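# Residue-level structure breakdown
The primary structure of each chain is shown beneath.
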Amino acid sequence: MNSRERVVAVINHKIPDKVPVDLGGTCVSSISATAYYRLREALGLEKKPVEIFEMLQFVAKVDDDVRQGLGVDTIPLPYPVDTLGNSLKERKEFITPIGIPALVSKNSEWDVLSDGSVVMYPCGDRSVPPSLHMLNDGMYFDNITDRIPEIDEDNLRPLEDFKDDFSFISDDIAEHLLKESKRLFTETDYAVVGQFPGAMFGDSGLNPGPGIKRPRGIRKMDDWLMAHLLHPEYLEAVYDMQMEFVMRNLEIYRQAVGGNIQVILVNSADFGTQNAEMIAPEIYRKIYKPRCKRINDWIHENTNWKIMYHSCGSIVNLLDDFVEMGVDIINPVQLSAKGMDAKMLKEKYKGRLVFWGGGIDTQKTLPFGTPEEVRREALERLELLSKGSGYIFNPVHNIVGKTSVKNILAFFNAAKEFNGDSLIAY
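As a starting point, this report considers the structure included with it. Everything numeric here is computed off the predicted structure, so don't read it as measured data.

Turning our eyes to something else, we now look at the nonpolar core. Considering soluble globular proteins, one finds that nonpolar side chains tend to be buried as a cluster. Core analysis: the largest hydrophobic core is formed by 113 residues, its most contacted members being Ile 31, Phe 58, Tyr 253, Ile 295 and Phe 322. For this core, the element with the highest residue contribution is helix H7 (residues 232-257), accounting for 14 residues. Aside from chain neighbours lying at most four places away, what touches Tyr 253 is Leu 77, Ile 169, Leu 177, Gly 194, Gln 195, Phe 196, Pro 197, Gly 258, Ile 261, Ile 264 and Trp 305. Listed in part, the 16 residues of the second largest apolar core include Val 10, Val 59, Ile 329 and Ile 392.

What follows concerns unusual backbone geometry. Cis geometry is adopted by the peptide bond preceding Pro 332, which originates at Asn 331 and carries an omega value of 10°. Tracing the backbone through its elements, the reader meets Pro 332 in the loop between strand S13 (329-331) and helix H11 (342-348). Positive phi, close to 60°, is recorded for His 13, a residue that is not glycine. Along the chain, His 13 turns up in the loop between helix H1 (3-11) and helix H2 (33-42). Although it is not a glycine, Ser 389 adopts a positive phi angle of roughly 75°.

We now examine the packing of aromatic side chains. For the structure shown, the criterion picks out 18 aromatic pairs. Their ring planes at 35° and their centres at 6.3 Å tell us that Phe 94 and Phe 141 sit as a pair that is tilted. Pair noted here: Phe 94 is in strand S4 (residues 91-95) and Phe 141 is in the loop between strand S8 (132-134) and strand S9 (142-143), with a separation of 47 residues, a long-range link. Each member of the pair, Phe 94 together with Phe 141, is buried. Relative to Tyr 253, the ring of Phe 196 has its centre 5.4 Å away and its plane inclined at 90°; by these criteria the two rings are edge-to-face. With Phe 196 in the loop between strand S10 (191-195) and helix H6 (221-230) and Tyr 253 in helix H7, the pair connects residues that are 57 residues apart, well separated along the chain. When sorted by exposure, Phe 196 lands in the same class as Tyr 253, which is buried. Sitting over the face of the ring of Tyr 190, Arg 67 holds its NZ or CZ atom 5.2 Å from the ring centroid. Over the face of the ring belonging to Phe 162 we find Arg 219, whose NZ or CZ atom lies 4.0 Å from the ring centre.

Linking two cysteines covalently through their sulfur atoms gives a disulfide. Scanning the entire structure with this criterion turns up zero disulfides. Between Cys 27, a free cysteine, and Cys 312, which holds the nearest cysteine sulfur, the sulfur-to-sulfur gap is 11 Å. We note that Cys 292 lacks a disulfide partner, and the nearest cysteine sulfur, in Cys 312, lies 16 Å from it.

What follows is about a nonpolar patch on the surface. The grouping of Met 226, Leu 229 and Leu 230 at the surface amounts to a nonpolar patch, some 340 Å² of accessible area in total. You can see Leu 230 is positioned in helix H6. In this structure Leu 230 comes out as exposed when scored by relative accessible area, which is 55%.

Turning to the pairing of strand S3 (residues 74-77), a few remarks are in order. Taking every second residue as pointing to the same face, both faces of S3 are buried, with Thr 74 and Pro 76 on one and Ile 75 and Leu 77 on the other. Across four bridges, the pairing between S3 and S10 is parallel. Paired with Pro 76 across the bridge in S10 is Val 193.

Moving on, we come to the pairing of strand S11 (residues 263-267). Across the five residues of S11, five count as buried, placing the element largely inside the fold. The pairing of S10 with S11 spans three bridges and is parallel. Residue pairing in the sheet places Gly 194 in a bridge with Ile 264 of S11. Of the strand pairs in this sheet, S11 and strand S12 (residues 306-310) are connected by four bridges, and their pairing is parallel. Residue pairing in the sheet places Leu 265 in a bridge with Met 308 of S12.

This next bit is on the sheet that holds strand S14 (residues 354-356). A sheet is described by the order of its strands in space; here seven strands give the open sequence S3-S10-S11-S12-S13-S14-S15, paired in parallel fashion. Every interior strand has two partners, whereas the edge strands, S3 and strand S15 (391-392), have only one. With two bridges joining them, S13 and S14 adopt parallel strand pairing. What sits directly across from Ile 330, in S14, is Phe 355. Helix H5 (residues 171-187) rests against S3 and S10 of the sheet, and its axis sits at about 170° to S3.

Rules behind the numbers
- Residues numbered from 1 in each chain as written.
- Predicted model: local features only at pLDDT ≥ 70, side-chain atom pairs only at ≥ 80, totals over all residues.
- Heavy atoms only, no water.
- Core = buried A, V, L, I, M, F, W, Y, C linked by side-chain atoms within 4.5 Å.
- Buried < 20%, exposed > 50% of the residue type's maximum accessible area, 1.4 Å probe, protein only.
- Helix = DSSP H or I, 4+ residues; strand = E, 2+ residues; numbered from the N terminus.
- Contact = heavy atoms within 4.5 Å.
- Phe/Tyr/Trp six-rings, centres within 6.5 Å; stacked < 30°, edge-to-face > 60°.
- Lys NZ or Arg CZ within 6 Å of the ring centre and 35° of its normal.
- Disulfide = S-S within 2.5 Å.
- Patch = residues over 30% accessible without salt bridge, like charges linked within 9 Å, V, L, I, M, F, W, Y side chains within 5 Å.
- Areas by Shrake-Rupley, 256 points an atom, 1.4 Å probe, with all protein chains shown as cover.
- Salt bridge = Lys/Arg side-chain N within 4 Å of Asp/Glu carboxyl O.
- Pairing = 2+ DSSP bridges.
- Axes fitted to C-alpha atoms, helices over the stretch in contact; angles between N-to-C directions.

In short, geometric facts, not functional conclusions.
Below, the structure written as structure tokens:
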């Protein structure tokens, strides 16, 4: 099998010739720009600035030489607008506070503060306060939420507050998606993963409006979480407005990419913590499930795409709901979270959910273990999660910045060892 055939087999719960591998197929299954720059050095590849896949997490868009070297089977179709609302058609260099050269949107504007940290401006507009902040020893950005006015609970205006957050896919962007998806499908044999914009209800990274010049309303994470009980009608009004854009954009996106993609990442909002859901399952079922099901039903009725949802943490009590609302693939499979037992998950959801991730603990083993500990854990998880198909090998979420190159290579060598391929020398 080639890479695309291998992934297509797995997402249809058929037995592949070997376990497919992902790195960078999505913005939530990639690698920190810092770790990626050092990985390229270790592999003896050309030194060059890292092209940024997603600004807030500051993760890398994986190059084809790395993809081939590590044995990766996926390739993304990125949306050509960044988290700050800037076009990605042209780029310029940005040096992180710790000296990693990167390529960001040509429209990006930033300031280096007196302490060496960096702030970025929404839509490159210096006439408004900055929206993102990277610490002077940082490897990713945080939202700046003190620019958001305090909530007036007696005068909540959800449609006014979020009117600038959603938009229809323009003809220019649709044309780009058409050409790029066709190129990826015809000129490569990778499985192509689309990154659909705008359907991430309640994403804690996007709620504060990093690309919105003057954000208002219920946006800070603590306020948003409490609003599920205090102001559910506010959230539902926002999500109903958002749905109008999502459903129209699905049709535009389908016309643009057609059958050139095999997987679509629809939602990457986190609903789990280490120990439980962020909100009660009954609230999820009332507010989120019907809207997500409408989106997923449309995709299944009008395309052959398989639907991926990302949610970190303990979501064991939501997985039945995910299946019922038409999710095909779940990522990142955080097995260290409460109740997320690999054996139980594999047995219960065999043939119903594809697990994309879970290959190693990125909180402990990958950043802090030895290469042998990394190898051992990765092989154990490969053995368990790949049984009977339905598994794509990837770490739990993005590989963080300080992870040693030896551990990263030990991780991907575990897949090569399991698949009977030649190992990467390091």
